[in-house]
Amino acid sequence: QPFIELSDVVVRYGGDGRGTLALSNTNLRIDEGDFVALVGPSGCGKSTILKLVSGLIKPSSGGVFLAGREVAANRVGIGLAFQNPTMMPWLTIRENVMIPLKIVEPYRSEYARKKKGEFADRADAMLAKVGLAGFGDKRPWELSGGMLQRASLCRALVHEPRLLLLDEPFGALDSFTREELWEIMQDLWIETRPTVLLVTHDLREAAYLANRICVMTARPGRILEDRDVPFLRPRT
Ligand code: ADP
Ligand code: ADP
């Protein structure tokens, strides 16, 4: 049984399901622990797939399943990171990274027992992994764009989600910072092996990070090619 399954999914935006055809009869099955890159031109439906899997939208027809259940009936932990790392400016970096731990608290008893100090320790441990040790007490505006994106990855992973949804998280960075973050991202993935869905325009990024690449096409959006790819860096 696949971890993520899209079965004959059609998505039309607006017009009560009769508007813009964003995805046309799309089928996709993803095994748990895979790192899948969705690549393709603007408007081909990459973000729409992430929104379906996270439950933000429902398909106009077809089924979307996560861990064998309807997405809406799910308690699979999800981590999210986007192109713009939105941090709450009134919180420190550490407190921003702790947000998912506080949100899952009512649902997962192992977190309910943990005290705030333990959440802070976990946030600090995550920050150290991405090279931000000692920055936990800073406010978002005191960090560079690259550092904020690192913190955003920490926030996406701090609650050890089984599923990580990434929408162009490295897109706004200079190429040097971007490649440094690819390496960090791959280390984090190898360490805990969440299932990852990465939306990107960058084929090099897809080839570096993913073990499977889905190439999509627009008008109407659908998956054109689906390939397993070798790792460019030896797995440890
Ligand atoms: P991508 O992420 O590949 O750029 P999207 O999934 O964002 O593509 O969009 C797929 C198509 O659906 C595009 O034609 C886009 O204009 C359209 N679309 C996306 N979101 C909406 C919306 N909320 N309302 C109407 N059309 C939308
Ligand atoms: P950019 O996103 O601008 O490329 P990086 O995230 O790559 O920046 O950061 C480059 C280096 O500059 C970091 O490794 C860090 O040591 C330093 N740096 C950037 N902003 C700050 C800051 N506010 N305080 C301390 N050091 C910083």
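This section reports on the structure supplied with the text.

Conventions used here
Numbers given for residues are sequential positions, taken from 1 along each chain in its written order. Whichever chain is written first becomes A and whichever ligand is written first becomes 1, with later ones labelled in order. Where totals are concerned, whole chains, interfaces and linings use all residues; where local detail is concerned, this predicted model gives features only for residues with pLDDT of at least 70, and gives and counts side-chain atom pairs only at 80 or more. Side-chain measures were taken over the full set of non-hydrogen atoms in the model, leaving aside hydrogen atoms and water. For helices the rule is a DSSP run of H or I covering at least 4 residues; for strands it is a run of E covering at least 2, with both sets numbered from the N terminus onward. Throughout, radius of gyration means the C-alpha value; the globule benchmark is 2.2 Å times the number of residues raised to the power 0.38. Type-normalised accessible area, obtained with a 1.4 Å probe on protein chains alone, sets the label of each residue: buried when under 20%, exposed when over 50%, and partly exposed for intermediate values. Note on contacts: a residue pair qualifies if any of its non-hydrogen atoms lie within 4.5 Å across the two residues. Any residue with a non-hydrogen atom lying within 4 Å of a molecule or strand is treated as near it. Polar contact criterion, stated in full: a pair of N or O atoms within 3.5 Å, where within protein one must be able to donate a hydrogen and the other to accept it, and residues adjacent in sequence count only if both atoms are side-chain atoms. Shrake-Rupley sampling with a 1.4 Å probe provides the accessible areas, and residues are treated as covered by the protein chains on show and by no other component. When residues are grouped by polarity, Ala, Val, Leu, Ile, Met, Phe, Trp, Tyr, Cys and Pro land in nonpolar, Asp, Glu, Lys and Arg in charged, and all others, Gly among them, in polar. Pairing between two strands is assigned when DSSP locates at least 2 bridges connecting them. Angles run from 0 to 180 degrees between N-to-C directions of axes, and those axes are lines fitted to C-alpha atoms, restricted for helices to the stretch in contact. Any carboxyl oxygen of Asp or Glu within 4 Å of a side-chain nitrogen of Lys or Arg constitutes a salt bridge here.

### Quick notes on the overall build of the protein
And then number 1: Summing up its helical and strand segments, the protein has seven helices and ten strands in all.
And then number 2: Compactness check: the protein gives a C-alpha radius of gyration of 18 Å against a globular reference of 18 Å for 236 residues, within 12% of the reference.
And then number 3: Taken along its principal axes, the extent of the C-alpha atoms in the protein is 50 × 40 × 35 Å.
And then number 4: Within the protein, the proportion of its 236 residues that are buried is 48%.
And then number 5: Considering only residue pairs separated by 6 or more positions, the protein has 70% of its internal contacts joining residues 24 or more positions apart.

### Here we look at the site of ligand 1
And then number 1: Around ligand 1, the structure places Tyr13, Ala22, Pro41, Ser42, Gly43, Cys44, Gly45, Lys46, Ser47, Thr48 and Lys51.
And then number 2: Measuring from an oxygen atom of ligand 1, one finds a backbone N or O atom of Gly43 at 2.7 Å.
And then number 3: Contact distances for ligand 1 include 3.1 Å between an oxygen atom and a backbone N or O atom of Cys44.
And then number 4: In isolation ligand 1 offers 560 Å² of accessible surface; the protein chains occlude 61% of this area.
And then number 5: Broken down by element, the residue count for the shell around ligand 1 peaks at four residues, all from helix H1 (residues 46–54).
And then number 6: Taken together, the residues of the shell around ligand 1 sort by class into four nonpolar, five polar and two charged.

### Looking at the site of ligand 2
And then number 1: Lining the immediate environment of ligand 2, one finds Phe135, Glu142, Ser144, Gly145, Gly146, Met147, Asp174 and Thr177.
And then number 2: In this structure, Ser144 approaches ligand 2 through a side-chain N or O atom, which is 3.0 Å from an oxygen atom.
And then number 3: A distance of 2.6 Å separates an oxygen atom of ligand 2 from a polar atom in the backbone of Gly146.
And then number 4: When ligand 2 sits alone it has 570 Å² of accessible area, and the protein chains cover 46% of it.
And then number 5: Looking at which element gives the most residues to the shell around ligand 2, the answer is helix H5 (residues 145–157), with three residues.
And then number 6: Here the residues of the shell around ligand 2 are counted per class, giving two nonpolar, four polar and two charged.

### Brief notes about the sheet that holds strand E9 (residues 212–217)
What links the strands of a sheet is backbone hydrogen bonding, and the strands pair in either a parallel or an antiparallel sense.
And then number 1: Pairing is mixed across the open sheet formed by six strands, whose spatial order is E6-E7-E8-E3-E9-E10. Looking at which strands have only one partner, the edges of the open sheet turn out to be strand E6 (78–82) and strand E10 (222–228). Between one strand axis and the next, the sheet turns by 15° as a mean value, whatever way the strands run.
And then number 2: Looking at chain direction, strand E7 (residues 163–167) and strand E8 (residues 195–200) are connected through five bridges and run parallel.

### Remarks on the pattern of salt bridges
And then number 1: Scanning the entire structure with this criterion turns up eleven salt bridges.
And then number 2: The closest approach of N and O atoms between Arg178 and Asp202, which form a salt bridge, is 4.0 Å. Remark: Asp202 occurs in the loop between E8 and helix H7 (203–209) and Arg178 occurs in helix H6 (residues 175–192); sequence separation between them is 24 residues.
And then number 3: Linking Arg204 and Glu179 is a salt bridge whose minimum nitrogen-to-oxygen distance equals 2.8 Å. Of the two residues, Arg204 is situated in helix H7 and Glu179 in helix H6; the sequence distance between them amounts to 25 residues.
And then number 4: On the basis of relative accessible area, Arg204 is assigned to the exposed category, the value being 52%.
And then number 5: Each of Arg94, Asp124 and Asp137 takes part in salt bridges that share partners, so that together they form one network.

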